[in-house]
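Tertiary structure, described
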Amino acid sequence: MSDAQPVFRFAPSPNGELHLGHAYSALANQAMARATGGRLLLRIEDIDRARSTATFERQIEADLAWLGFAWETPVRRQSEHFDDYRAALDALTEAGLAYPAFMTRGEIRGFVERRETEEGRPWPRDPDGAPLYPGLDRDLSDGERQARMAAGEPFAWRLDMRRATAMAGALGWHETGAGPDGEAGEISDDPGRWGDVVLARKDTPTSYHLAVTVDDALQGVTHVVRGRDLFFATSVHRLLQVLLGLPAPIYHHHDLIFGEDGRKLSKSARDLSLKALREAGLTPADVRRMVGLPGAAAAP
Ligand code: GLU
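So, here's what we can say about the structure. (Residues numbered from 1 in each chain as written. Predicted model: local features only at pLDDT ≥ 70, side-chain atom pairs only at ≥ 80, totals over all residues. Heavy atoms only, no water.)

This brings us to the environment of Arg49. With respect to the helices, strands and loops of the structure, Arg49 is situated in the loop between β2 (39–44) and α2 (54–67). A residue is classified by how much of its surface remains accessible, and Arg49, at 45% relative accessible area, is partly exposed. Between the alpha carbons of Arg49 and Arg34 there is a distance of 33 Å; along the sequence they are 15 residues apart. Not counting residues up to four positions away in its chain, the partners in contact with Arg49 are Ser79 and Phe82. (Helix = DSSP H or I, 4+ residues; strand = E, 2+ residues; numbered from the N terminus. Buried < 20%, exposed > 50% of the residue type's maximum accessible area, 1.4 Å probe, protein only. Contact = heavy atoms within 4.5 Å.)

Taken in spatial order, the three strands line up as β4-β5-β8 in an open sheet, and their pairing is antiparallel. Each having just a single partner strand, β4 (98–101) and β8 (198–200) make up the two edges of the open sheet. Strand-to-strand twist across the sheet, computed as the mean angle between neighbouring axes with direction ignored, equals 45 degrees. Relative to strand β5 (residues 156–159), β4 is paired through four bridges, and the arrangement is antiparallel. When the bridges of β5 are listed, Tyr99 appears paired with Arg158. (Pairing = 2+ DSSP bridges. Axes fitted to C-alpha atoms, helices over the stretch in contact; angles between N-to-C directions.)

The ligand sits among Arg9, Ala11, Pro12, Ser13, Glu45, Tyr208, Val212, Arg226 and Leu230. A distance of 2.7 Å separates a nitrogen atom of the ligand from a polar atom in the backbone of Ala11. Tyr208 places a polar side-chain atom, nitrogen or oxygen, 3.0 Å from an oxygen atom of the ligand. For the ligand, whose free accessible area comes to 300 Å², the fraction covered by protein is 78%. Its residues assigned to classes, the shell around the ligand shows five nonpolar, one polar and three charged. (Near = heavy atom within 4 Å. Polar contact = N/O pair within 3.5 Å; in protein donor to acceptor, adjacent residues only side chain to side chain. Areas by Shrake-Rupley, 256 points an atom, 1.4 Å probe, with all protein chains shown as cover. Nonpolar A, V, L, I, M, F, W, Y, C, P; charged D, E, K, R; others polar.)

Viewed as axis vectors pointing N to C, helix α7 (residues 208–218) and helix α8 (residues 234–244) meet at an angle of 60 degrees, and their least axial separation amounts to 9 Å. As the angle between them shows, α7 and α8 are arranged oblique. By crossing handedness, the relation of α7 to α8 is classed as right-handed. Note on element contacts: α8 touches α7 through Val236, His237, Leu240, Gln241 and Leu244, opposite Tyr208, His209, Leu210, Val212 and Thr213. Considered class by class, the residues forming the contact of α7 with α8 number six nonpolar, four polar and no charged. (Parallel < 35°, antiparallel > 145°, perpendicular 65-115°, else oblique. Left-handed = near helix turned anticlockwise from the far one by under 90°.)

Set out below in structure tokens:
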């Protein structure tokens, strides 16, 4: 095969059972891989060691096999590659783009509440609705940083977003799906809206943003097909790609599947898990119909 063969991936986190939304995402990846003669990878995103389990991972593989999703082996399991993410973090730190952030979640909450009361207006939020990191420790002296780290004070590595966006310049991506307001084609979206995102924590030595960016590049992923809830996160991934000198995949953000009550499906909505549907006697063809995909799982 030539270098130009497309590469797709489905990248679930083994912290719960797969539901119809995951089935849609996996099958959409498979359909596009088949249509383009592309490869299809499965990546297990298990950086959150507290919530990921081997049982959920086995369940994911069983559900996908039942659905007729056929992936290449070996499967990349993120927890086995913390060194790769560490190397990327080190590169960002050496470039002066990452800093140790010492404010705890409680301190951030307290700071934001005080400021909102004092100023009578809301503190800026990221696209997911979380308050931006106040960044009080962004400009600490090297000496103070070293002293606090040496004293064992807990911290997270955060991206210095202002510096990073200034260094990266204009950013954009090619979208073949759509954003929440129908955005498609050439997208330019400012990652600055996310503030100083976390790159790594003490208990989780990488973040979703860093691991997904590094892995998509290491695995040669050319097409990222995933749910629309990750549309705005793409600006952060594009920024990290530019800072780390990694190529830009094409992005396709697809519809989300909503429950009967109009809520986005979540892993706790057990009634809609693939396992429950299978146990209730539904077939893979029924699942395809439920998520609005044409045809039964036709052989390629
Ligand atoms: N692991 C993420 C999730 O399960 C998906 C990451 C991605 O597709 O970029 O929501």
